[in-house]
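Summary of structural features
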Amino acid sequence: MISVIVNAYACSPGMGSEPGMAWNWCVNLANYCELHIITEGEFKEKIESSLVSIPQSKNMHFYYNPVSNEVRQMCWTQGDWRFYSHYRRWQYKAYEIATDIVKKEKIDILHQLNMIGFREPGYLWKIEGIPFVWGPVDAKEKFPVTYLAGAELKTKIYIYLKNFLTYLQLQFSKRVRDAVKKASVVISASSNSQASFNKFFNIISPLINETGCYIQDSRAYDRTQRTKLDVLWVGKLDFRKQLGIAIRALSEAKNININLHIIGGGDSLHYKQLASSLLVAPQCIWYGVVSHEKVQQIMQNSDLFFFTSVAEGTPHVVLEAISNNIPVLCFDTCGQGDSVDEEIGRKIKLSNPKQSIKDFAEQLNFFASHPEVLKKMSLNCKVRQIELSWDAKARRVIELYDKISYGN
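Residues numbered from 1 in each chain as written. Predicted model: local features only at pLDDT ≥ 70, side-chain atom pairs only at ≥ 80, totals over all residues. Heavy atoms only, no water.

**A closer look at the pairing of strand E6 (residues 183-188)**
Among the 6 residues of E6, 5 are classified as buried, and the element is accordingly described as predominantly covered. Across 4 bridges, strand E5 (residues 132-137) lies against E6 in parallel orientation. Across the sheet, the residue bridging to Phe132 is Ala183, located in E6. (Buried < 20%, exposed > 50% of the residue type's maximum accessible area, 1.4 Å probe, protein only. Helix = DSSP H or I, 4+ residues; strand = E, 2+ residues; numbered from the N terminus. Pairing = 2+ DSSP bridges.)

Printed below as a string of C-alpha cells:
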C-alpha cells in the first residue's frame, strides 16, 4: 500500500469549504493508501471523535501543527492580508514535521493538498528523493472585469489590483515556479487553472475539481405537472456571486410563472430594492441564512438551481444540487463549468452583464415552457453524481500516485 504525507492546513469533518474538502479527500484516499496528514489543530476534537466510526481510520495518521486563536481569526476573515505571513511560517513548520516523518516512516508520495490557492505551494517539494504532488490547485488568471459594471469604486480598485498581483505572482513567484518544477504532477482545480499552468509554466495539468459529489438516493422529480418554475439561488450576497444578474434575468424573462428563491447572508436590502425597482419583488422569496438541512429541503423542492457567480473554485453547492437531482443553470467558467454538462443543465459563456442577463432570461423561459427537459435532466443527475463522486476523484488521484510510484 502506498504511503503518503498529506499537507492539509484546513481539515475537518462536518464542514464545507476548505476544511470539508480536505477531510473528504483524506477519508476517500484512505480507502486505497496510508496517509500521514499534517493539519492545523483547530478541529482536532472533531477529527479524533470522527475517526472512531471510520473503518479506514487505521490508514489515517494525524499530526497537528496549531496556530494561535488570533491567527485563526485572521484566516476566517477572508481578505485579511496579515494571515499570509503566519500561513507561510505554518507551511515551513509543516515541512519540518514532514521531514521528521520521512526519517521514521517509509513514504512514497508527498502531497500538498490545501489550501488550494496557487500563491502558497508550501515546502514539501524541498524534500529530496520522494515524488511531490500538488493539487488540486486554483490558479485562475483573473476576475472577468467586464462584470465590474455597477460595482463600487473600492471594489473595482480591489479587483484590478488583485488581477495585477495575480499576474505578477503567476509570472514571477520563485517558490511557485520551484514547486511546479519539482512536482511530478500538478493537479488543476478547474479548466481556468489548467489554462494558467499551460500559459505561465508550459505544463499539461490534469483536471480534477477539488470538491466531490455525494451519491444520494434522492428521487428524480417529475416537474411536468407544475405550473410554476421554482428557481433556487444560494450564496453569499457579495459582488462576486452576481445576484444582481439573477434578479435582472428574472425581470428580462417577463414571466410571472417563474419564482426566484434566494438563500444567503449579506446586504439583502440593496438587492430587494433592485427587485422592487424591476417590478419582480413578488416573484422573489428571501430566506436569509438558513441551516444546511434547510437548504437541502428547499433544494429538493426546487425545479432549477441558478448559479451566477463569475469567480469560484469549484462551488460545493453546485455539486449538492446535482446530488439532489436538480438541473443547474450557470456560467461556463470555474469549477461549475467543468461539473455541469448538457445532460444535467445549461451553461452560458462569459461575455458582459447585459448579454448575460439576456442569455439567462432566455434559458429561464425555455425551462419554464419545457418541464419535460427538466425531468430528463433530473433523471440524468444520477450518472453525473457517480462521475463526480468523491470516490471517483480519489481513484483518479490514486492512479496518479501509482503512475508516479510504479510507472504504471
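**Concerning the nonpolar core**
Grouped together as the largest cluster of nonpolar side chains are 39 residues, with contacts concentrated most on Val231, Leu243, Ile247, Leu260, Phe306, Phe360 and Leu364. Those elements that place two or more of their residues in this core are strand E7 (229-234), helix H8 (243-253), strand E8 (258-263), helix H9 (268-277), strand E10 (304-307), strand E11 (328-331), helix H13 (353-369) and helix H14 (371-387). In terms of residue count, H8 provides more of this core than any other element does, 7 residues in total. Excluding residues that lie within four positions of it along the chain, Leu364 makes contacts with Leu229, Val231, Ala249, Leu250, Ile258, Leu304, Phe306 and Leu329. Formed by 37 residues, the second largest nonpolar core is a distinct cluster that contains Ile38, Trp90, Ile130 and Val180. (Core = buried A, V, L, I, M, F, W, Y, C linked by side-chain atoms within 4.5 Å. Contact = heavy atoms within 4.5 Å.)

**Side note on helix H5 (residues 153-172)**
Residues separated by three or four positions in an α-helix point in the same direction, a consequence of the helix having 3.6 residues per turn. Taking 1.5 Å per residue, 20 residues should reach 28 Å; H5 reaches 28 Å between its end C-alpha atoms and fits that length. Of all the positions in H5, only Ile159, Asn163, Thr166 and Leu170 are classed as buried. Down the axis of H5, the buried set is contained in an arc of 65°. They therefore lie on one face. Those residues of H5 that are exposed and angled more than 90 degrees off the buried face are Leu153, Lys154, Ile157 and Phe172. Its buried side turned inward, H5 meets helix H6 (174-182) and helix H7 (191-201). (Expected span 1.5 Å × (residues − 1). Arc of directions from axis to C-beta.)

**A short note on the packing of aromatic side chains**
Counting across every chain of the model gives 21 aromatic pairs. Relative to Tyr84, the ring of Phe83 lies with its centre 5.9 Å away and its plane at 65°, an arrangement referred to as edge-to-face. One aromatic cluster is present, formed by Tyr9, Phe83, Tyr84, Tyr87 and Trp90 through successive ring pairs. (Phe/Tyr/Trp six-rings, centres within 6.5 Å; stacked < 30°, edge-to-face > 60°.)

**Here we look at unusual backbone geometry**
Generally, phi is negative for residues other than glycine and the peptide bonds are trans, each holding for most cases. The amide bond that connects Asn114 to the next residue, Met115, takes the cis arrangement and shows omega of 15°. Relative to the helices and strands, Met115 resides in the loop between strand E4 (109-114) and E5. The peptide bond linking Gly135 to Pro136 adopts the cis configuration, its omega dihedral lying at 5°. On the secondary structure map, Pro136 appears in strand E5. One non-glycine residue with positive phi stands out, namely Gln242, at about 60°. Of note, Lys254 is a non-glycine position whose phi angle comes to about 50°, a positive value. Looking at the element boundaries, Lys254 is found in the loop between H8 and E8. What makes Lys254 exposed here is its relative accessible area of 68%.

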